[in-house]
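# Observations on chain architecture
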Number of protein chains: 2
Amino acid sequence: MDLTELRTANPEHWAKAAAIRALTLDAVAAANSGHSGMPMGMADVATVLFEKHLKFDASAPKWPDRDRFILSAGHGSMLIYSLLHLCGDAQVTLDQIKNFRQMGALTAGHPENFLLDAVETTTGPLGQGLANAVGFAMAEEMQRAQYGRKIVDHHTYVMAGDGCLMEGVSQEAIGLAGRHSLGKLILFWDNNNITIDGTVELSDRTDQVKRFRASGWQVIEIDGHDPQAIDEAITAAKKSKKPSMIACKTHIALGHAAQDTSKGHGALTDADQMKAAKEAYGWTGGPFEVPADIKSQWEAIGSRGASDRAEWEGRFAEVSKQKQDRFNRAYALDAPKKLSAAVKALKKQVSEDQPKVATRKASEMALAVINPIMPETVGGSADLTGSNLTKTGDMGVFDTDNRKGRFVYWGIREHGMAAAMNGMALHGGIRPYSGTFFCFTDYARPSMRLAALMKMPSVFVMTHDSIGVGEDGPTHQPVEHLAICRATPNTYVFRPADAVETAESWEIALTTKETPSVLSLTRQGLPTVRTEHKLNNLTSKGAYVLADAEAKRQVILIATGSEVAIALEAKAKLESEGIGTRVVSMPCMELFAEQDEAYRRKVLPAGPVRVGIEAAVRDGGWDKWLMGERGQDKKAAFVGMDSFGASAPAGELYEKFGITADATVAKVKNLLG
Amino acid sequence: MDLTELRTANPEHWAKAAAIRALTLDAVAAANSGHSGMPMGMADVATVLFEKHLKFDASAPKWPDRDRFILSAGHGSMLIYSLLHLCGDAQVTLDQIKNFRQMGALTAGHPENFLLDAVETTTGPLGQGLANAVGFAMAEEMQRAQYGRKIVDHHTYVMAGDGCLMEGVSQEAIGLAGRHSLGKLILFWDNNNITIDGTVELSDRTDQVKRFRASGWQVIEIDGHDPQAIDEAITAAKKSKKPSMIACKTHIALGHAAQDTSKGHGALTDADQMKAAKEAYGWTGGPFEVPADIKSQWEAIGSRGASDRAEWEGRFAEVSKQKQDRFNRAYALDAPKKLSAAVKALKKQVSEDQPKVATRKASEMALAVINPIMPETVGGSADLTGSNLTKTGDMGVFDTDNRKGRFVYWGIREHGMAAAMNGMALHGGIRPYSGTFFCFTDYARPSMRLAALMKMPSVFVMTHDSIGVGEDGPTHQPVEHLAICRATPNTYVFRPADAVETAESWEIALTTKETPSVLSLTRQGLPTVRTEHKLNNLTSKGAYVLADAEAKRQVILIATGSEVAIALEAKAKLESEGIGTRVVSMPCMELFAEQDEAYRRKVLPAGPVRVGIEAAVRDGGWDKWLMGERGQDKKAAFVGMDSFGASAPAGELYEKFGITADATVAKVKNLLG
């Protein structure tokens, strides 16, 4: 490709874009790792976007009404770092660029939202950024409807490559965006026809233009190196009521010897080739050197939005104090003051009424109390609304004609749902929760992991949480999913035993700020085990003594969720034989692990035999409570699952798999010898 | 909807289809659970397919050259059970129909391949059957190319609903099928416009016809209740060189009061409504009663393929003995006799050469030896071929002009890849293996679980298996994925320490018949730790003493994969101080758990302190070896991860997270007091 024409046609644009390319080449070469080609290919699009369209102020990366810019093709992280550095972002200094991918640098291999304020979302696992973007755009619609366009009126821009579009989650995202006419969502497809293994045709021949149109998108096809075409396309996209996909025909690693090849995707570090590329760009700066005039042009871009922001702040100061407080509270993830009292009142009522309800139903009861006082919650379900029970009466349904609606029918899209929830949380101002069957955690898993990594307090409402599912059988019966969620760092896994613990779990999930929660809830009805009202949130301790030994304490039964009632039944049998038995309810292992040694010792003293009871695999973190914490192998046993389930009525399955009070008693007696 | 016209237009067809509808209503009502509407809606399509097109012999459900019929919308399981019963399948007796969804019945809530011979794949988690079907169709193409169309020449039919098409994995499957022109793959879309939450428009407005065409499919739109249209569409689909999607406009729960509603999706049990529906069908049989003439027509359909099968057996008898043996051996999943010797020779060579290679490279070395003698292996990668190192020179690339190619460029589609691998294994005659980064196990997870549930020995080659990934950072660094895989029942998780253990792991993975394997392999180079050649496959024991204590045994270090070398280094330091230290390499916890008590005790005797070393979370099954098996909490420690990783060079990360010989020594000394 002859660059001369590109250079001479738009010299000022060219120089700015070349700065991205040069910094990318230098940083990747210094790190001797990374991905040069994508930033080099998309530098023109990014330059036009930042220069002419993106509403942002580099000095205030968290300004709520900024446009969002998401790099779904996260491996091209040097694009974002170059842009931020050039625009004068305070965090992304030249030192950070020089330390790309090094220990302690903010310029990690892939863009990480928890390291840099201006990084909207953590990307790298492909397709996620695009699916996050749908959540961002939905959040903007919802808040624009709530606060008016003087306060909320921005676009969500996302850049994705062929990898993002091949990942299945992209279809879920595209379908959602089309369904909801997310007109302020604008996707740039880096159409460079290259993947790691070779040309795209090696693995895909999908006509992306037709594919997007089939789901209700506007598609605009352009030369991704023509600044005027880019500008016009963005202008047209901004006018559309449909989400827009701008197909940008680009050359990966533009101007480098590796241009248009798979090699160009990765780290381009050959010194001579770098030199030749920079010469072709007409680049005069040395390594990591941006000529002052180019830097100052970029800084002007970085401060272009300062006046917009000032005007916005003026407008914000004029809205009612109440609205300001609500807005600020939601963005700060502060729970409303009323929440605690509302939960306490519900707990008191439940402890008195002692209903026998499934914890999914108990969750609905909690949400019915919470949603009216927390307007920032947005709920949903992946086509299991009547099963997950995540919709309360006051929410309204989010739709093209009801942007204030707070409930989303996600369709059969667990993955896209979880990713969009993360997008909403990342956008700010929203606490998203949504449900599916616990077993289908599997589909949502990549985004659930990212919620934990990104420190986003999304709440995953996972009902039908064991063989208690019954007849639907092993495809629908989780046995390893508690283990999966518990093994994931920075994730609270709640498995409440009754309606009281469910309310307490919700309270924690909706007040925590940096940790996602998984609520593991039953299909089947459970008795109320917390029959004595306590003001304190006992679930916040992770585990507590639900019922202490009456006779001399010889046994501690530790159980979660639906198995707590079984533990109580076993205790009654054991006590009737004079065997003193404590029952510990353990709704959240992670929170129990956070307690101090003294409390843990009080709950789990040395001496008694211990039996864990949970309709799931023992690998789900059990051994540390049964054998660790002053326990002993020969004094420990577990009542649970060690295989997949089966299709039969739930009660029969509990018998078949030996998760019963009698089986528990037998194991206790065996341990007592 | 007036059924009279349908009934009178094609009375014979109608009666046969009505038998499916009546049995479905009866079975679901008896179970008081299940899904009536889908079988009732798709009964006409199924009837025409089975009567006029499907090549099968109900008396020989495993006949290798049968057409495959896959119910991706697995909740409609009564469709498949009705068909099998009516056609005279030996397993699906009337008693089984009557015991639908009951304990011990073969007629589980969702169709399960391991319960019924005629069920090709376990479905229920939506989208999986469709994605499996791609693997079935690829397997057929490959084997037709190898054995000729006299031996292999069949179609793959799959029925999917809106739920399947909304799941992201469907896009991956559709893209693959289009890319590879899988003309013998025919999909029926049950286009009933209903999901559980309401009409499809509630969550999706995708034009499925355009979507499929965009990926290179032929699409035929028909009235799904018109037998002639169904017949013509199938005929046209069979002629196409493209995969075909037949969009069948249907009415869910046809003829029932709940027709065309979400309620119709679930269990229809109202006695009066059932009666009215049966009357509308003109159905004269009582509950579970199929009039003899209708049953005999169905049985004729069931035996229609018997002559085809007999002719096929004749043809098969005529091919060379060598081909017959190869075919039969592959279908029986018997490894070739040469495999054992080839692996031993490689091990011997490695133990002598003692290369320092990454285990992903060691895996390539093993495959280079194995693939030439196991023509039934099919390899691939999700666009990371040069990183996963799953392609060996002799394989050839599967493509439209090279159906004999045994390597698949799956594209960036980990989920579709895993599902298609399962499809290949289920089809028979193929041992699939394919790779991605271990962290992206997350994307493939729903299909990896199903491999375990379905007892399919797919091999998932997961490279870049720890913080050893380095600069790519925490999005690409697994820490909880060993825990995830180990918590899943019926899954072998291999984490080999060097090229010898890697070869041994491959040998086990390729000889086991009912268990999928996950190979957790490093990016970074590792020294050879098995420097003394042993004929026996030590990995098959799960764990073994790699290096015993020299001084008096006070310590057992247990390590896997890349951390075994660290354990050896720690041992050297400890021994130099007179602290006798045993190093146990534990490449497969599941296999160690299968060993008898005596062996386990020999490897892990009581007494010494124990430290586990693995660059992953302790929850990954470690406590049972550290504190269980004669261990003790106060004498146990773990060197590993308890958070996500970070972006930096790998060596620095090992230091930062304290996974080093020095850290190990410190923990040992702390335990020794």
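By the naming in an unreviewed UniProt entry, chain A is Transketolase, taken from Parasedimentitalea huanghaiensis. The annotation that UniProt attaches to chain A under Sequence similarities (unreviewed entry) is "Belongs to the transketolase family." Under the UniProt heading Catalytic activity (unreviewed entry), the note attached to chain A is "D-sedoheptulose 7-phosphate + D-glyceraldehyde 3-phosphate = aldehydo-D-ribose 5-phosphate + D-xylulose 5-phosphate".

To continue, consider the overall build of chain A. On a plain count of helices and strands, chain A comes out with 27 helices and 20 strands. In terms of C-alpha radius of gyration, chain A reaches 28 Å, essentially the compact-globule figure of 26 Å for 673 residues. A principal-axis box enclosing the C-alpha atoms of chain A has dimensions of 95 × 55 × 45 Å. By sequence separation, contacts in chain A at least 24 residues apart represent 78% of the contacts at least 6 residues apart. Approximately 20,200 Å² of chain A is accessible, and the part contributed by carbon and sulfur atoms is 49%. Between the mean site of the 76 positive side-chain charges and the mean site of the 82 negative ones, chain A shows a separation of 5 Å.

Residue and element names in this part refer to chain B. Taken together, the 5 strands give an open sheet; going across it, the order is 1-2-3-7-6, and neighbouring strands pair in parallel fashion. Single-partner strands in this sheet number two, and they are strand 1 (68–71) and strand 6 (218–223). On average, each strand axis in the sheet is tilted by 20° relative to the strand beside it, whichever way the strands run. Relative to strand 3 (residues 185–191), strand 2 (residues 156–160) runs parallel, the two sharing 5 bridges. Considered in strand 3, the bridge of V158 is made with L187.

Residue and element names in this part refer to chain A. If you check the domain split of chain A, you get domain 1 (4–309), domain 2 (338–526) and domain 3 (542–672). Measuring from the centre of the C-alpha atoms in domain 2 to the corresponding centre in domain 3 gives 25 Å. Of the residues lining the interface, 26 residues belong to domain 2; the matching set on domain 3 comes to 33 residues. Carbon and sulfur atoms make up 60% of the surface buried where domain 2 meets domain 3, a total of about 2,300 Å² over both sides. Counting across the interface, domain 2 meets domain 3 through 2 salt bridges. Here R495 makes a salt bridge to E563, at a shortest N to O gap of 2.8 Å. Joining domain 2 to domain 3, the criterion identifies 17 residue pairs in polar contact (both at pLDDT 80 or more). Counting only elements with at least two residues in the side of domain 2 that touches domain 3, the list comes to helix 20 (481–487), strand 13 (492–494) and helix 21 (499–509). Taken together, the residues of the side of domain 2 that touches domain 3 break down into 13 nonpolar, 8 polar and 5 charged.

Moving on to the interface of chain A and chain B. In this complex, chain A contributes 96 residues to the contact, which on the side of chain B involves 96 residues. Of the roughly 7,800 Å² buried at the junction of chain A and chain B (both faces included), carbon and sulfur atoms supply 56%. By the criterion of area lost to chain B, the three top residues of chain A are A:M103, A:Y443 and A:R449, representing 9% of everything that side buries. In this structure, A:R101 and B:D472 form a salt bridge, with 2.7 Å as the shortest nitrogen-oxygen distance. Put simply, chain A and chain B have 50 residue pairs in polar contact (both at pLDDT 80 or more) between them. Per element, the largest residue contribution to the side of chain A that touches chain B is 8 residues, and it comes from helix 19 (residues 441–454) of chain A.

A few words on the packing of aromatic side chains. Per the stated rule, a full pass over the model turns up 40 aromatic pairs over all chains. Considering the side-chain rings of B:W14 and B:Y281, the 6.0 Å spacing of their centres and the 70° angle between planes classify their relative orientation as edge-to-face. Placement of the pair is B:W14 in helix 2 (residues 11–31) and B:Y281 in helix 11 (residues 271–281), with a sequence separation of 267 residues. Put simply, the rings of A:W63, A:Y147, A:W312, A:F316, A:F327 and A:Y331 touch in pairs and so form one group of aromatic residues. One Lys or Arg, A:K391, reaches over the ring of A:F407 and ends 6.0 Å from the middle of that ring. Cation over ring: A:K656 sits above A:F657, and NZ or CZ is 5.4 Å from the ring centre.

Next up on the list: the relation of the copies chain A and chain B. Each copy of the sequence occupies a distinct position, and chain A is placed on chain B by a rotation of 180° and an axial shift of 0.0 Å, giving an RMSD of 0.0 Å. Taken together, the rotation and translation relating the two chain copies correspond to the operation of a two-fold axis. For chain A, the residue whose C-alpha comes nearest the rotation axis is A:G168, separated from it by 1.9 Å. Both copies present the same face, since 100% of the interface residues in chain A are matched by interface residues at the equivalent positions in chain B.

Before going further, it helps to examine helix 2 of chain B. Here helix 2 of chain B contains 21 residues, and its C-alpha end-to-end distance of 30 Å stays within 8% of the 30 Å for a straight helix at 1.5 Å per residue. By the criterion of burial, helix 2 of chain B is predominantly enclosed, with 16 of the 21 residues buried.

Before going further, it helps to spend a moment on the sheet that holds strand 2 (residues 156–160) of chain A. All names here are of chain A. As summarised here, the arrangement of the 5 strands in space is 1-2-3-7-6, forming an open sheet in which the pairing is parallel. Whereas interior strands pair on both sides, the edge strands pair on one side only; in this sheet they are strand 1 (68–71) and strand 6 (218–223). Averaged over all adjacent pairs, the angle separating strand axes in this sheet is 20°, with direction ignored. Most of the contacts of helix 10 (residues 227–239) go to strand 6, to which it runs at about 170°, and overall it touches strand 2, strand 3 (185–191), strand 6 and strand 7 (244–249).

It is worth spelling out the UniProt feature "binding site: thiamine diphosphate" (unreviewed entry) in chain A at this point. Residue and element names in this part refer to chain A. In the numbering used here, UniProt assigns the "binding site: thiamine diphosphate" (unreviewed entry) feature to H75, G124, P125, L126, G163, N192, H265 and F440. A maximum C-alpha distance of 34.3 Å is found for the annotated residues, which run over 366 residues; spatially they are spread out rather than grouped. Tracing the sequence through the fold places H75 in the loop between strand 1 and helix 4 (77–87). Excluding residues within four positions of it along the chain, H75 makes contact with H35, M38, H110, L126 and H265. Take L126: it is sitting in the loop between helix 5 (94–98) and helix 6 (128–147).

All names here are of chain B. Those residues of helix 11 not exposed but buried are M274, A277, K278 and Y281. An end-on view of helix 11 places all buried positions within 95° of arc, on one side of the element. In this structure, helix 11 carries D272, K275 and E279 as exposed residues pointing more than 90 degrees from its buried face. Each element contacted by the buried residues of helix 11 is listed here: helix 1 (3–9), helix 2 and helix 3 (37–53). The backbone nitrogen of D272 lies 3.1 Å from a side-chain oxygen of the residue at the head of helix 11, namely D270.

Applying the stated criterion across every chain, the model contains 94 salt bridges over all chains. Across the salt bridge formed by B:D623 and B:R618, the nearest N and O atoms sit 2.6 Å from each other. One network of salt bridges, in which partners are shared, links A:E140, A:E141, A:R144, A:R149, A:D153, A:K184 and A:R403.

Residue and element names in this part refer to chain B. In terms of burial, strand 7 (residues 244–249) is a largely internal element, 5 of the 6 residues being buried. Of the pairings in the sheet, the one linking strand 3 to strand 7 comprises 6 bridges and is parallel in character. Following the sheet pairing, I186 is matched in strand 7 by S244. As paired strands, strand 6 and strand 7 are joined by 6 bridges and run parallel to one another. Bridge pairing links I220 to I246 in strand 7. Regarding topology, helix 10 (residues 227–239) serves as the crossover connection from strand 6 to the parallel strand 7, and that connection is right-handed.

Attention now goes to the nonpolar core. In this structure, A:I659 and B:I659 are the most contacted members of the largest nonpolar core, which totals 236 residues. Excluding residues within four positions of it along the chain, B:I659 makes contact with B:I467, B:E563, B:I566, B:I613, B:A615, B:V639, B:G640, B:M641 and B:Y654.

What follows concerns the packing of helix 22 (residues 564–576) of chain A against helix 27 (residues 661–672) of chain A. Residue and element names in this part refer to chain A. Where helix 22 contacts helix 27, the axes come no closer than 8 Å and their chain directions differ by 55°. Regarding the angle of helix 22 to helix 27, the classification is oblique. Taken as a pair, helix 22 and helix 27 cross one another with a handedness that is right-handed. In contact with I566, E569, A570, K573 and L574 of helix 22, helix 27 contributes A661, D662, T664, V665 and V668. In the contact of helix 22 with helix 27, the residues fall into 6 nonpolar, 1 polar and 3 charged.

All names here are of chain A. In contact at an axis separation of 10 Å, helix 15 (residues 338–353) and helix 16 (residues 359–370) are set at 140° when each is read in the N-to-C sense. The angle between helix 15 and helix 16 places the two elements in the oblique class. Where helix 15 crosses over helix 16, the two elements pack in a sense that is right-handed. Where helix 15 approaches helix 16, its residues L339, A342, L346 and V350 are matched on the opposing element by M365, A366, V369 and I370. Partitioned by chemical class, the residues of the contact of helix 15 with helix 16 number 8 nonpolar, no polar and no charged.

The rules behind the values
- Every chain's residues receive numbers from 1 upward, in the order its sequence appears when written.
- All chains are assigned letters beginning with A, and all ligands numbers beginning with 1, in the order in which they are written.
- Since the coordinates come from a predicted model, pLDDT governs what is reported: local features require at least 70, and pairs of side-chain atoms require 80 or more to be given and counted, while whole-chain, interface and lining totals use all residues.
- Note that the side-chain values use all heavy atoms of the structure and ignore hydrogens as well as water.
- UniProt positions are given in the numbering used here, feature names are shortened, and annotations may be inferred rather than shown by experiment.
- Each helix corresponds to a stretch of at least 4 residues labelled H or I by DSSP, and each strand to a stretch of at least 2 residues labelled E; elements are numbered beginning at the N terminus.
- Only the C-alpha atoms count toward the radius of gyration. The rule for a globule is 2.2 Å times the residue count to the power 0.38.
- Contacts are assigned to residue pairs that have any heavy atoms within 4.5 Å of one another.
- Throughout, the Shrake-Rupley method with a 1.4 Å probe supplies accessible areas, and for residues the shown protein chains are the sole cover considered.
- Under this rule, positive means Lys or Arg and negative means Asp or Glu; His and the chain ends count for nothing.
- Just so you know, the charge point we use is NZ for Lys, CZ for Arg, CG for Asp and CD for Glu.
- Pairs of strands are assigned from DSSP output, requiring at least two bridges between the strands.
- To obtain an axis, a line is fitted to C-alpha atoms, over the contacting stretch when the element is a helix, and the angle between two such axes runs from 0 to 180 degrees between their N-to-C directions.
- Residue ranges for the domains originate in an automatic or database domain assignment.
- Simply put, the buried area is the total loss of 1.4 Å probe accessible area from both parts when two parts are fitted together.
- Salt bridges are defined by distance alone: a side-chain nitrogen of Lys or Arg within 4 Å of a carboxyl oxygen of Asp or Glu.
- Here a polar contact is recorded for every N or O atom pair within 3.5 Å, except that within protein the pair must consist of a potential hydrogen donor and a potential acceptor, and residues adjacent in sequence are included only if both atoms are side-chain atoms.
- We call Asp, Glu, Lys and Arg charged. Ala, Val, Leu, Ile, Met, Phe, Trp, Tyr, Cys and Pro are nonpolar, and the rest, Gly among them, are polar.
- Any two rings among Phe, Tyr and Trp, with Trp reduced to its six-membered ring, count as a pair given centres within 6.5 Å; such a pair is stacked if its planes are under 30 degrees apart, edge-to-face if over 60, and tilted if neither.
- A positively charged side chain is recorded as over a ring if its NZ (Lys) or CZ (Arg) lies within 6 Å of the ring centre. The angle to the ring normal must also be within 35 degrees.
- Alignment of copies: least-squares fit on C-alpha atoms of residues with pLDDT of at least 70 in both copies.
- Expected span, for any helix, means 1.5 Å times one less than how many residues it has.
- Accessible area is worked out with a 1.4 Å probe on protein chains only. A residue is then buried under 20% of its type maximum, exposed over 50%, and partly exposed in between.
- It is the directions from the helix axis to the C-beta atoms that the arc portrays.
- Crossover handedness is defined by viewing with both strands directed away from the observer: a clockwise path from the first strand over the helix to the second marks the crossover as right-handed.
- The set of buried Ala, Val, Leu, Ile, Met, Phe, Trp, Tyr and Cys residues whose side-chain atoms join them within 4.5 Å is what this entry labels a nonpolar core.
- Angular relationships are summarised with four words: roughly parallel below 35 degrees, roughly antiparallel beyond 145, roughly perpendicular across 65 to 115, and oblique for the angles in between.
- It is the rotation of the near helix from the far one that decides the hand of a crossing: anticlockwise by less than a right angle makes it left-handed, clockwise makes it right-handed.

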